[in-house]
Amino acid sequence: MDHVAQGVLEEAQMGDVAAFEKIVNAYENRLFTMAFRMLGNRTEAEDAVQETFLRVYTNLPRYNETYQFSTWIYRIATNVCIDGLRKRRPHQSLDVDDGEEGNRDGYERLASDEQDPLDFVVQTERCADVQRALNDLPVTYRTVLILKYIQELSLQEISDILHVPVTTVKTRIHRGREAMKERFVDVPVS
């Protein structure tokens, strides 16, 4: 799962900026995807990734090599996102918003030159529905579902990131999936 070589990590720990840049390049897209799914907002996700790398850089000398680096960096990113969700005002919209006027959900950027326009609309609506349903979940369920199904992490990796037993991860995944199912009970499947 780790995306950087041990030598690069050691160089970055000694202050090598080029080595740290390799770490950023290896993780930024995956961390952005996770942050966007958790926060539902492009600008907040970009800020969360930036904050994550700032914390990684600051704490790199204290990184405990008994843990996988990927587990450590995902734990930092997850905590940054959870902190961001806690700071939100309760009346904030749960709609996906990337902060750009007229570009509300980000799904229109999907490549679809050969796709039937009606299929694209249906797919876009489903993606938006799933994102809204994820946003409506309690953060504990949302986090495990994103780490499991979007980031494709193992149960053990999720357990390590969240510092909870694997059985708790399984329970949260089950409850999160049940909550998602309830949300889509009345939605017709075509």
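So, how was this worked out
- Residues numbered from 1 in each chain as written.
- Predicted model: local features only at pLDDT ≥ 70, side-chain atom pairs only at ≥ 80, totals over all residues.
- Heavy atoms only, no water.
- Salt bridge = Lys/Arg side-chain N within 4 Å of Asp/Glu carboxyl O.
- Helix = DSSP H or I, 4+ residues; strand = E, 2+ residues; numbered from the N terminus.
- Buried < 20%, exposed > 50% of the residue type's maximum accessible area, 1.4 Å probe, protein only.
- Core = buried A, V, L, I, M, F, W, Y, C linked by side-chain atoms within 4.5 Å.
- Polar contact = N/O pair within 3.5 Å; in protein donor to acceptor, adjacent residues only side chain to side chain.
- Patch = residues over 30% accessible without salt bridge, like charges linked within 9 Å, V, L, I, M, F, W, Y side chains within 5 Å.
- Areas by Shrake-Rupley, 256 points an atom, 1.4 Å probe, with all protein chains shown as cover.
- Lys, Arg positive; Asp, Glu negative; His and termini not counted.
- Charge placed at Lys NZ, Arg CZ, Asp CG, Glu CD.

Draft legend 1. Just the pattern of salt bridges, in detail. Taken as a whole, this structure holds 4 salt bridges when the rule is applied. Residue Lys181 pairs with Glu178 through a salt bridge whose shortest N-O separation is 3.5 Å. Taken as a pair, Lys181 and Glu178 lie in helix H8 (residues 166-183) at a separation of 3 residues, close to a single helical turn. Judged by relative accessible area, Glu178 falls into the partly exposed class, the value being 31%. Members of the salt-bridge network, linked through shared partners, are Glu51, Arg55 and Asp83.

Draft legend 2. Region of interest: the nonpolar core. If you look at the biggest cluster of nonpolar residues, it comprises 48 residues, and the most contacted ones within it are Ile23 and Phe69. The dominant element in this core, judged by the number of residues it contributes, is helix H2 (residues 17-39), at 11 residues.

Draft legend 3. Focus on the side chain of Asn41. Of note, Asn41 is situated in the loop between H2 and helix H3 (42-59). Its relative accessible area of 12% is what places Asn41 among the buried residues. Only 3.0 Å separates the side chain of Asn41 from the backbone nitrogen of Thr43, close enough to count as a polar contact. Within the local environment of Asn41, its side chain forms a polar contact with the backbone nitrogen of Glu44, the two atoms lying 2.8 Å apart.

Draft legend 4. The arrangement of a negative patch on the surface in detail. The grouping of Glu10, Glu11, Asp16 and Glu65 at the surface amounts to a negative patch. As for its placement among the helices and strands, Glu10 is situated in helix H1 (residues 6-13). Taking relative accessible area as the criterion, Glu10 reaches 38% and is therefore assigned partly exposed.

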